[in-house]
Amino acid sequence: MPDFTLTIGGQNVAGAARPIPVIDPSTGQAFTDSPAATVAQLDQAVDAAAQAFATWQHSSHAERSAALERVAGAIEQHAAELADLVVREQGKPLALAQMEVGGAVAWTRAAAALEIPVEVIEQREGKRIELHRKPLGVVGSITPWNWPLMIAVWHIMPALRAGNAVVIKPSPFTPLSTLRLVQIMAAVLPAGLVNSVVGEAEVGQAMAEHPGIAKLVFTGSTRTGQDIMRRAAGNLKRLTLELGGNDAAIVLPGTDTAAIAEGLFATAFLNMGQTCAALKRLYVHESQVDAVCEQLAAIAARQVLGGGLEPGVTFGPVQNAPQLTRVEALVEDARAQGARIVCGGQRLDRPGYFYAPTIVAGLSNGARLVDEEQFGPVLPVIAYRTVDEAVALANASSMGLGGSVWGDVQAATALAPRLECGTVWVNGHAEVLPHCPFGGSKMSGVGVEFGLDGLLEYTQPQLLNING
Ligand code: NAD
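Sequence order sets the numbering: in each chain, residues are counted from 1 along the sequence as written. The predicted nature of this model means local features are confined to residues of pLDDT at least 70 and side-chain atom pairs, given and counted, to a pLDDT of 80 or more, with totals for whole chains, interfaces and linings taken over all residues. Side-chain calculation: all heavy atoms of the structure are included, whereas hydrogens and water are not.

Moving on to the overall build of the chain. Numbering of helices and strands runs from the N terminus; a helix is a DSSP stretch of H or I covering at least four residues, while a strand is a stretch of E covering at least two. When helices and strands are counted, the chain shows 15 helices and 22 strands. Computed over its C-alpha atoms, the radius of gyration of the chain comes to 23 Å, within 12% of the 23 Å expected for a compact globule of 468 residues. Oriented by its inertia axes, the alpha-carbon framework of the chain measures out at about 70 × 60 × 40 Å. Intrachain contacts of the chain at a sequence separation of at least 6 include 73% that bridge at least 24 residues. Using a 1.4 Å probe, the Shrake-Rupley method yields the accessible areas, and only the shown protein chains count as cover for residues. Carbon together with sulfur atoms contributes 54% to the accessible area of the chain, which is approximately 17,900 Å² in total. Neither His nor the chain ends contribute to the count of charged residues, in which Lys and Arg are positive and Asp and Glu negative. Think of each charge as sitting on NZ of Lys, CZ of Arg, CG of Asp or CD of Glu. Side-chain charges of the chain comprise 32 positive and 44 negative groups, with the mean position of each set lying 5 Å from the other. Atoms counted for the radius of gyration: C-alpha only. Globule rule: 2.2 Å times residue count to the power 0.38. Note on contacts: a residue pair qualifies if any of its non-hydrogen atoms lie within 4.5 Å across the two residues.

With that settled, the discussion passes to helix H11 (residues 321–336). Helix span, as expected, comes to 1.5 Å for every residue beyond the first. In a regular helix each residue adds 1.5 Å, so 16 residues correspond to 22 Å; H11 covers 22 Å between its end C-alpha atoms and thus fits that length. Listing the buried residues of H11 in full gives Gln323, Leu324, Val327, Leu330, Val331 and Ala334. Taken around the axis of H11, the buried residues stretch over an arc of 125 degrees, which confines them to a single face. Opposite the buried face of H11, at more than 90 degrees from it, the exposed residues are Pro322 and Ala336. Those residues of H11 hidden inside the fold are in contact with strand S14 (340–343), strand S15 (358–361), helix H12 (368–371) and strand S16 (378–384). Any pair of nitrogen or oxygen atoms within 3.5 Å is treated as a polar contact; in protein, a donor-acceptor pairing is required on top of that, and neighbouring residues in sequence qualify only through side-chain atoms on both sides. Put simply, Asn320 is the residue that caps the front of H11, since its side-chain oxygen is 2.8 Å from the backbone nitrogen of Gln323. Gly338 sits one or two positions beyond H11 and adopts a positive phi of about 90 degrees. Exposure categories follow from relative accessible area, calculated using a 1.4 Å probe and restricted to protein chains: below 20% of the type maximum is buried, above 50% is exposed, and the middle band is partly exposed. In this context, the arc is that of the directions from the helix axis out to the C-beta atoms.

Now for unusual backbone geometry. In the Ramachandran plot, Ala430 falls in the positive-phi region, its phi being about 70 degrees despite a non-glycine side chain. Mapped onto the fold, Ala430 is located in the loop between strand S19 (423–426) and strand S20 (441–442). Overall, Ala430 belongs to the buried group, its relative accessible area being 13%. A positive phi angle, near 45 degrees, is found at Lys442, a position not held by glycine. Looking at where Lys442 falls in the secondary structure, it is placed in strand S20. For Lys442, a relative accessible area of 37% puts it in the partly exposed group.

Attention now goes to the sheet that holds S15. Strand order in the open sheet formed by seven strands is S14-S15-S16-S13-S12-S18-S19, and the pairing between neighbours is mixed. For this open sheet the edge positions go to S14 and S19, each flanked by a neighbour on one side alone. For this sheet, the mean inter-axis angle between neighbouring strands, taken without regard to orientation, is 25 degrees. Relative to S16, strand S13 (residues 279–285) is paired through four bridges, and the arrangement is parallel. In the strand pairing of S16, Val284 is matched with Ala383. Each pair of strands is called paired provided DSSP finds at least two bridges between the two strands. Here an axis means a line fitted to C-alpha atoms, over the contact stretch when the element is a helix, while the angle between two N-to-C directions is reported on a 0 to 180 degree scale.

A separate point is the pairing of strand S3 (residues 17–24). Inspection of the sheet shows S3 paired to strand S4 (residues 29–36) by six bridges, in the antiparallel sense. Each bridged residue has a counterpart across the sheet, and for Val22 the counterpart in S4 is Thr32. Between S3 and S4, which pair antiparallel one after the other, the connecting turn spans four residues, and Gly28 there sits at a positive phi close to 75 degrees.

Moving on, we come to the nonpolar core. Side chains that are nonpolar tend, in soluble globular proteins, to be buried together. Counting 88 residues, the largest nonpolar core has Ile156, Met157, Val167 and Met185 as its most contacted members. A per-element tally of this core places helix H5 (residues 148–161) first, with ten residues. If sequence neighbours within four positions are ignored, Met157 has contacts with Leu68, Val71, Ile75, Thr108, Ala111 and Met185. In terms of nonpolar packing, the next biggest core, distinct from the first, is built from 32 residues, Ile250, Leu252, Val391 and Leu419 among them. For our purposes a nonpolar core is just a set of buried Ala, Val, Leu, Ile, Met, Phe, Trp, Tyr and Cys residues, chained together by side-chain atoms within 4.5 Å.

Being near a molecule or strand, for a residue, comes down to having at least one heavy atom within 4 Å of it. The local shell around the ligand holds 29 residues, among which Thr143, Ser221, Asp227, Leu243 and Glu373 are the closest. Here an oxygen atom of the ligand sits 2.8 Å away from a polar atom, N or O, in the side chain of Thr224. With respect to the ligand, the backbone of Leu243 contributes an N or O atom lying 2.7 Å from a nitrogen atom. About the coverage of the ligand: the protein hides 89% of its 850 Å² of free accessible area. Breaking the shell around the ligand down by element, the ones donating at least two residues are helix H7 (201–209), strand S10 (215–219) and helix H8 (222–231). In the scheme used here, Gly and all other residues not listed as nonpolar or charged are polar, with Ala, Val, Leu, Ile, Met, Phe, Trp, Tyr, Cys and Pro taken as nonpolar and Asp, Glu, Lys and Arg as charged. Among the residues forming the shell around the ligand, the class breakdown is 14 nonpolar, eleven polar and four charged.

What follows deals with the sheet that holds strand S5 (residues 119–124). The three strands lie next to each other as S5-S6-S22, forming an open sheet whose pairing is antiparallel. The open sheet has two edge strands, S5 and strand S22 (459–467), and neither has a second partner. The sheet shows a mean angle of 20 degrees between the axes of neighbouring strands, taken without regard to direction.

Neither face of S15 is open: one carries Thr358 and Val360, the other Ile359 and Ala361, and all of them are buried. Strand direction decides the pairing type here: S14 and S15, joined by three bridges, are antiparallel. Note on S15: the bridge partner recorded for Arg340 is Ala361. As paired strands, S15 and S16 are joined by four bridges and run parallel to one another. Following the sheet pairing, Ala361 is matched in S16 by Val381.

This next bit is on the pattern of salt bridges. A pair is scored as a salt bridge if a Lys or Arg side-chain nitrogen falls within 4 Å of a carboxyl oxygen belonging to Asp or Glu. Taken as a whole and judged by the stated rule, the model has 20 salt bridges. In this structure, Asp227 and Arg231 form a salt bridge, with 2.9 Å as the shortest nitrogen-oxygen distance. One end of the pair is Asp227 and the other is Arg231, both in helix H8 and four residues apart, which spans about a single turn. Residue classification places Arg231 among the partly exposed positions, given a relative accessible area of 26%. Taking the shortest distance from any N to any O, the salt bridge between Arg350 and Glu310 comes out at 3.5 Å. Here Glu310 lies in the loop between helix H10 (289–301) and H11 and Arg350 lies in the loop between S14 and S15, a separation of 40 residues in the sequence. Owing to a relative accessible area of 37%, Glu310 belongs among the partly exposed residues under this scheme. Each of Glu69, Glu76 and Arg109 takes part in salt bridges that share partners, so that together they form one network.

Given below as structure tokens:
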């Protein structure tokens, strides 16, 4: 295990706050400590980023792309180490962690390849009006514990590509892969361009309030996003907020459910259900609910639960104890309401935060498991009578990240725009791509990530109005 340090101004720096134990979710035991930053160290990181920004903002697009290409290569060189760290701190099976590292490389290259256009708005004799895009300054990034490396990359790379400098704070549950990523990046970038601090909410709150941070990109819960928005008002910080989701999927009546069951299971239980845009409520016509439940339960029964580094494992633990407690509480509430636990419904009798993949039938909107984001390995399957009723139930949520319609492609595509959410998939769910804008409607977020739209969120428009 390497020495974990903060990175401030291009230097490896010890944390001045009390170290944070990092727990392996497959054992429930701490396996190392993470350094933790004080708010004074956050100030140093912001100062270092501001100094780096003074030069970096004038770099050419070619220089920025080349720098990100170097970063992609460096991540590739450390791929095995990073995947191992993701498994140890996050708990997911190794193959999924390798996918996460592969995604980190792909998203870095995609950011490197993006071009920021100068838009000519008017061109005539004696008049030319152009819209330019300038970087904002220091970007603060705060990330969650479900896809720690991937989401760090989603935040950092477009920020740098657009000419900003970065201070990132990972979740204290999963700080290590981000600390290593930033060390690896710092070795191939100008000093201070990317800095890391680790801390609990106190450090995140200080970032949200920090006058030296021009923009904050946050991925996490809606409640924290609201707190950040309030605190960010002091300097009118630009915000991108990727928040909670409670994505509904509707299976159209008469669909061959045997043919889609694998797809439903894979997108609901992706990363043990701990994925913002996972399928979290499944609406099925009342005539087919029992069949779908049995099909999903059969797939659940085939999962091999265990630690992510054990061979053959397909399904890991929940990432942390509070989240496991929350998942248990939602299932117990469903049980108390008379729901049918089709499979699972309990922790495994072994150390670690293992919870059996669980299918719950017999609930509808109004039950906690349906109305609240479970963010874990539990899926409620809800019966509907008419498609209009299904759409109304799907939309009866304060959240609106993603949604999906499954069945005949034409009928499903016609229904899809009626869902109130940022992305609608037809015969799929949870697929995010580097060239496609992704973001939430309603209380699932503000702004988008990815593609040119995502990149432009890291810029300030400047209109150049030329006469003569
Ligand atoms: P969380 O909001 O508890 O924590 C996220 C981060 O914010 C952590 O780094 C945490 O230390 C920090 N933080 C906590 N309180 C803070 C405060 N008051 N001010 C500033 N920072 C603070 O979220 P989590 O439990 O780590 O992640 C799970 C949630 O994230 C789920 O709701 C999930 O849907 C959401 N999520 C959304 C997306 C998306 O793209 N929309 C992606 C992944 C996860």
